[in-house]
Every structure is written in C-alpha cells, then in structure tokens.
Amino acid sequence: MSAASLFPKSPEARLTLGVLALLLAVRVAGVVASPLNLYADEAQYWRWSQDLAWGYYSKPPMIAWVIYVSTAVFGDTEWAVRIAAPFLHTVAAGFIFLAGRAIFSAKTGVYAALLYALMPAVTLSSNVLSTDGVLMPFWCAGLFLAWRVRSGGGLAPAAALGAALGLGILSKYAMLYFLIGLALTCLVDAPMRRSMMSKGGALTLLVMGLLVAPHLAWNAANNFQTVGHTVDNANLGGDLFNPENAVTFFADQLGVFGPVSFLALLAGLAGWGQKDARGGEAARWLLCFVLPVLVFILGQSVLSRAHANWAATAFPGASLLVAGWFAGHRAVVWSSLAVNTLVAAVFLIVPQLTMAQTRALGIDNALKRTRGWDVAAEQLFTEAERLGATAVLVDEREAWHGLDFYGRARSVPLISWRRYSGPKSFSEREPLEGPLAERVLVASVHAGMRPRLRSDFAEFQPTGQVRIDLGVRGNGCPITRVFQLYLASGYAPAERTPEWEASLDGQKEFAEPPCPARE
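Residues numbered from 1 in each chain as written. Predicted model: local features only at pLDDT ≥ 70, side-chain atom pairs only at ≥ 80, totals over all residues. Heavy atoms only, no water.

Visitor: What should I look at first to understand the environment of Tyr 116 in this one?
Guide: Inspection of the secondary structure puts Tyr 116 in helix 7 (residues 106-118). Among the residues examined, Tyr 116 registers a relative accessible area of 0% and is labelled buried. For the pair Tyr 116 and Arg 419, spaced 303 residues apart in the sequence, the C-alpha separation amounts to 42 Å. When sequence neighbours within four positions are dropped, the list of residues in contact with Tyr 116 reads His 89, Ala 92, Ala 93, Ile 96, Val 122, Met 136, Cys 140, Pro 316 and Ser 319. (Helix = DSSP H or I, 4+ residues; strand = E, 2+ residues; numbered from the N terminus. Buried < 20%, exposed > 50% of the residue type's maximum accessible area, 1.4 Å probe, protein only. Contact = heavy atoms within 4.5 Å.)

This is how it looks when you write it as structure tokens:
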C-alpha cells in the first residue's frame, strides 16, 4: 500500500495534512520550549528506557522503547523524553481521517480527524508522554484497518490489523477493549463476521499473538508483575457502590472529549443527528468500539474510582461517530472545533508561562508537580556528598522519580523507603541494606511518615531542611515542597505488623504549620 494510495491528492486530504502539520509544528515548538520539569510518571518511564525489556513494573514496554529512541537521538532532556508525543497523536489523527473517509466520506474524515486532534485530552497528551499517547496511533490504525478487513481488503490489511493490535497491547492493556469491540462487531455485523471467520482473521490473530508472546513470557518470568499491578490499580477492595461517582465520570468526559463534542455524542446516541441507512450501519459498527469502554469505565467509577483518562479509547471512535452523525449540521461540528481550539490554545500557552505569570493567574497549584525537582536534586545530592552519606532515602514514590531523573549524574545512591514488608512501587525495588545503610541522609516529605522512619534506625538526627518554592495557591498560601533532612545510621527495620502501624498512627514530626488564608 503506497503513500499515494493512502493520501491521494484530494482537497480533503490536503486540508487534513495541512492542518495536522501546522498543529504538529506548534506542538513540537511547545514541547521544546516548555520550562516544566518531567512528571513523576515520565521520569519513571525514562528510567525504564535505560534498561530495555519486554515489560516493566506497571506497564507494557512500548513507552520505554519510544523514550529510548528519542533520548538516544536527542539526549536525556525533558523535551527529548516528550518529543514523540505530538508525532504519535498526529499519526493517530491521520488514521482517523482514513477511517472517516472509508466509512463515511472524505469530508467526514476531515471533521473526524480534527475532532480527534483538537480534543482536550489529545492536546494535553501532546505536551507530555503518556501511555495513552503511545497507544492511540495503534488504536486509530486498528479502526481503519478493521474496516478495510470488513470491506474485503485481503490478507495485507488483516496482517496489518494484527500488528496494530499487538503493538497496541504492548503500549497499554486498554487495547484489550479493542478486542472486545472487534468481537462485538462480529456478533452484530455480518460482513465483519465473515471477514474475521476466514484466513484473514486467522492471520490477524497470529500476527497479534506473535507480537504479544514475548511480553507474556516476560510477565510469566516476573510473577506477572505488570498484570498484577493493573489489577491492583482497579482498587476494588473498598466500598463497592459509589453512585455519586457517575456524575463525576460524565463531567470528566466533558473535559476529555470536549464539552460540545461529548454532548453531541450523547445527542447522537439519543437519536438526534443525520443517520441514513449507511450511517446507521456504520454507527452500529463504531459503537462496538465506543460503548463498551464508556460502560466499563462508568461501572468502574461507581464500584470504586476511575481517572478521567481511563475512557480515552472511546473517543477515536466517538470522533468518527460525531463527524458522521453531524456532517450535515455544521454548527455542531464547528462549534465543537472552536471550543476545543480555545482549550488547545490555553494548554499550549500555560506551560510556557513564568512562575510570576502563573502566580498572577492563580494556577500555580496545577503546575506544582512539574516544578522544582531539578533544584531539589542539586541541593540534596550536594548535601549528601558534604555529609559523606552512603545513600539518600526518600519516603515518596513521586519524590524518588523526580530526584532520580534530575540527579542522574549523582554519585550517592537514591533509595525509596519501604513502609510495607515488600516493594509496592517500582521506586522501591532496591532495598536499603549492606553498605548503603551505614550513613543515610533521609529526605522526608511526609510529616506522618517520619516517626515510622525513625523507628527503623538506631540513630536519627535532624540536620536541616531543603525548601523548594513552587508558587502560591489561589487563597494566597505558599506552595512549598519541604524535605526534612535526617542523618541516620543503625538501620534495623521494625517488623511490618498491624501493631507497628497502629502504634505510630497520628504521630508527626516537623509538620508544616497551617497557612492562614488571606481574606
């Protein structure tokens, strides 16, 4: 399949390519110019990329592979870690255009591609590298290729569909929702069923299986570490009925897909919109990739909790649905694009603002997780060298990852304290033991953890603080990341029993005084 056949020189293809290229250029410039530090998750993925494998503690391997390539070319910088994100979403939008053109019309393909490219979640995800961003090109390619298979495209699209499925699973387990959608299309759509119950369908499954097999083998050799973490993340051990979370779920999706887009999706589901016979057939097919995700994540939110982005895979198909249903109602499509463009402009501008500017706007709190890690790492590891510390010990996963990336040239090891009997995050994989435990600089960010840390050492002497200014809250209170420092030795961790936990509940050391908000 040549590039010319994928993108013929039609007015719609040229328009789509032009707009996506412009968006890509703007987003790449934004990523390169951004002064923000890495998020903890980005720093974690960077650490994984230093040791290529078929799987990692909490995610499949694709995101680490992507970072390995980009940092090998551009170096270990924030923008190099993130630079793939806008390219990945541009590719995804291109596949949405192809799918829209194949399923509906070229004009619908343009609308769908722009609805996808400008949705708030995609705009935000183009500024940082996340597993959603890595997954989306394969999901969107899967939609296009599945329709090609349905349309009798032959063995080549079937093999390509298998590759998209396999690579998608290696990006994020949410790709399994696509398999559910594929199974549903076989139930409700006779052409799809015939196509998958053929040599092409067998080839799709074979290619997918060959790509996923090494990851499954890695999981088996590592006690199904990634799968286990994914199950734990569902958090189904508490109160299993929280109906109020349904309201939060729908409100979140207004922000993920865009307010007009999501309301248009709901209106289309209710039967309002342009639906001819072909549109009804296509809509039924696309709904197989949209409704299961929304229903499942809604159920998850009611049973426990669900992050806003967990339903993100519903919205490539939703972009196609909204574009198809409302192609004849331009006011709906253009108002959605206009609102999302305004949101995109905000998401592009805010990361470029100085702290003085964000302080004046009262939005420092939204950026606090991406500030100050470079300064903190420099001060903490300088202090560790001055004191002759054998290790720096922190009591928070996020702190470990931030200090790990920005202290990557350190000579003193960085260890994450284990509150429980075994590691509960990737940051805790290396225990504090042997020579590392002889003279430890403890850098604690949690007042409530300090008595527990103290109980693990024979000597535990305060030795100052590192305070990092992160801005000001909207109520005028300062946002400060405080590392309380101790010089500790005689490491003999207490047995992690319920009695030990209970004996220290409610105790704190060096707690920050509450801030009296300005009137």
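That shown, we press on.
Visitor: I'm lost on the state of the cysteines in this one. Help?
Guide: Simply put, the disulfide is a covalent bond whose two ends are the sulfur atoms of two cysteines. Using the criterion set out here, one finds one disulfide in the structure. Residue Cys 477 pairs covalently with Cys 515 via a disulfide, S to S 2.1 Å. Disulfide Cys 477-Cys 515: the torsion about the S-S bond is -95°, which places it as left-handed. Taken together, the positions of Cys 477 in the loop between strand 4 (457-472) and strand 5 (478-491) and Cys 515 in the segment after helix 26 (498-504) put the pair 38 residues apart, joining distant regions of the chain. Accessibility expressed as a relative area gives 5% for Cys 477, which makes it buried. (Disulfide = S-S within 2.5 Å.)

Visitor: Honestly, the packing of aromatic side chains in this entry has me stumped. Any pointers?
Guide: Aromatic ring pairs are reported here in terms of the distance separating the ring centres and the angle at which the planes meet. All told, the structure shown has 23 aromatic pairs when counted by the stated rule. Measuring from centroid to centroid gives 5.9 Å for Trp 48 and Phe 426, while their planes differ by 85°, and the two rings are edge-to-face. Taken as a pair, Trp 48 in helix 3 (residues 40-49) and Phe 426 in the loop between strand 2 (414-416) and strand 3 (440-444) lie far apart in primary sequence, 378 residues in all. Across the pair, exposure class does not vary: Trp 48 and Phe 426 are buried alike. A connected cluster of aromatic rings, assembled from ring pairs, spans Tyr 45, Trp 48, Tyr 56, Trp 400 and Phe 426. (Phe/Tyr/Trp six-rings, centres within 6.5 Å; stacked < 30°, edge-to-face > 60°.)

Visitor: Before we go on, may I ask you to explain the pattern of salt bridges in this structure?
Guide: Note on pairing: side chains with opposite charge can pair once their charged atoms come close. Using the criterion set out here, one finds 18 salt bridges in the structure. Of the charged contacts in the structure, one is a salt bridge between Arg 452 and Glu 501, with a shortest N-O distance of 3.0 Å. Linking Arg 452 in helix 25 (residues 450-454) with Glu 501 in helix 26, this pair joins segments that are 49 residues apart in sequence. Glu 501 shares its class with Arg 452; the two are buried. By relative accessible area, which is 4% here, Arg 452 ends up buried. (Salt bridge = Lys/Arg side-chain N within 4 Å of Asp/Glu carboxyl O.)

Visitor: I keep staring at the sheet that holds strand 2 and nothing clicks. Help me out?
Guide: Sheets are built from strands that pair by backbone hydrogen bonding, the pairs being arranged parallel or antiparallel. Strand order in the open sheet made by the five strands is 2-1-3-5-4, with mixed pairing throughout. Each having just a single partner strand, strand 2 and strand 4 make up the two edges of the open sheet. Recorded for the sheet is a direction-independent mean angle of 25° between the axes of neighbouring strands. Pairing geometry for strand 3 and strand 5, over five bridges, is antiparallel. (Pairing = 2+ DSSP bridges. Axes fitted to C-alpha atoms, helices over the stretch in contact; angles between N-to-C directions.)

Visitor: What is the right way to read the nonpolar core from this model?
Guide: Nonpolar side chains in soluble globular proteins generally cluster together in the buried interior. One finds Tyr 116, Phe 178, Leu 265 and Phe 315 to be the most contacted residues of the largest nonpolar core, which totals 83 residues. The element contributing the most residues to this core is helix 9 (residues 131-150), with 11 residues. Within the second largest apolar cluster, 47 residues are counted, among which are Leu 38, Tyr 45, Ile 63 and Ala 64. (Core = buried A, V, L, I, M, F, W, Y, C linked by side-chain atoms within 4.5 Å.)

Visitor: Help me understand the packing of helix 15 (residues 244-257) against helix 16 (residues 259-269), please; the structure alone is not making it clear to me.
Guide: Each pair of packed helices can be described by the angle between their axes along with the distance between the axes. Relative orientation of the contacting elements helix 15 and helix 16 amounts to 120°, with a least axis distance of 6 Å. Taken together, helix 15 and helix 16 sit at an angle that is classed as oblique. Side by side, helix 15 and helix 16 meet where Phe 250, Gln 253, Leu 254 and Phe 257 of the first sit next to Pro 259, Ser 261, Phe 262, Leu 263 and Leu 265 of the second. In terms of residue class, the contact of helix 15 with helix 16 is built from seven nonpolar, two polar and no charged. (Parallel < 35°, antiparallel > 145°, perpendicular 65-115°, else oblique. Nonpolar A, V, L, I, M, F, W, Y, C, P; charged D, E, K, R; others polar.)

Visitor: Just checking my understanding: could you explain unusual backbone geometry for this structure?
Guide: With glycine set apart, most residues show a phi of negative sign, and most peptide bonds adopt trans. The residue Phe 510 is not glycine, and still its phi comes out positive at about 50°. Here Phe 510 shows up in the segment after helix 26.

Visitor: What exactly am I supposed to notice about the layout of surface pockets here?
Guide: A probe matching the size of a water molecule, rolled over the atoms, marks out where space remains unfilled. The computed volume of the second largest pocket comes to approximately 720 Å³. In this structure, the second largest pocket is lined by 24 residues; those nearest its centre are Arg 473, Thr 480, Arg 481, Val 482 and Glu 512. Here the lining of the second largest pocket takes five residues from strand 5, the largest share from any one element. Partitioning the lining of the second largest pocket into residue classes produces 13 nonpolar, two polar and nine charged. (1 Å grid on protein atoms, 1.4 Å probe; cavity = no way out; pocket = protein on both sides within 12 Å on 5 of 7 lines; lining within 4 Å. Points joined across faces, edges and corners; volume = space filled by probe spheres on them.)

Visitor: Please clarify how a nonpolar patch on the surface should be interpreted in this entry.
Guide: A surface patch of nonpolar side chains, amounting to about 500 Å² of accessible area, comprises Phe 250, Leu 263, Leu 266, Leu 269, Leu 291 and Val 295. When residues of the nonpolar patch are traced back to their parent elements, those giving at least two are helix 16 and helix 18 (291-303). Along the chain, Leu 263 falls in helix 16. The exposed category is assigned to Leu 263, whose relative accessible area is 52%. (Patch = residues over 30% accessible without salt bridge, like charges linked within 9 Å, V, L, I, M, F, W, Y side chains within 5 Å. Areas by Shrake-Rupley, 256 points an atom, 1.4 Å probe, with all protein chains shown as cover.)

Visitor: What's the story with helix 16 in this structure? I'm lost.
Guide: Spacing of three or four residues puts side chains on the same side of an α-helix, whose turn is 3.6 residues. All of the buried residues along helix 16 are Ser 261, Phe 262, Ala 264, Leu 265 and Gly 268. Projection of helix 16 onto a plane perpendicular to its axis shows the buried side chains occupying an angular sector of 160°, all on one side. The secondary structure elements touched by the buried residues of helix 16 are helix 7, helix 15, helix 18, helix 19 (314-325) and helix 20 (330-349). Looking one or two residues beyond helix 16, the residue adopting positive phi is Gly 271, at roughly 105°. (Arc of directions from axis to C-beta.)

Visitor: It is not clear to me how the pairing of strand 4 should be interpreted in this structure. Could you clarify?
Guide: Here is the key point about a regular strand: its side chains alternate between the two faces of the sheet. Bridge count for strand 4 against strand 5 is 12 bridges, and the pairing is antiparallel. Residue pairing across strands places Glu 459 opposite Ser 489, the latter belonging to strand 5. As consecutive antiparallel partners, strand 4 and strand 5 are separated by five residues, and within that stretch Gly 476 has a phi angle of approximately 95°, a positive value.

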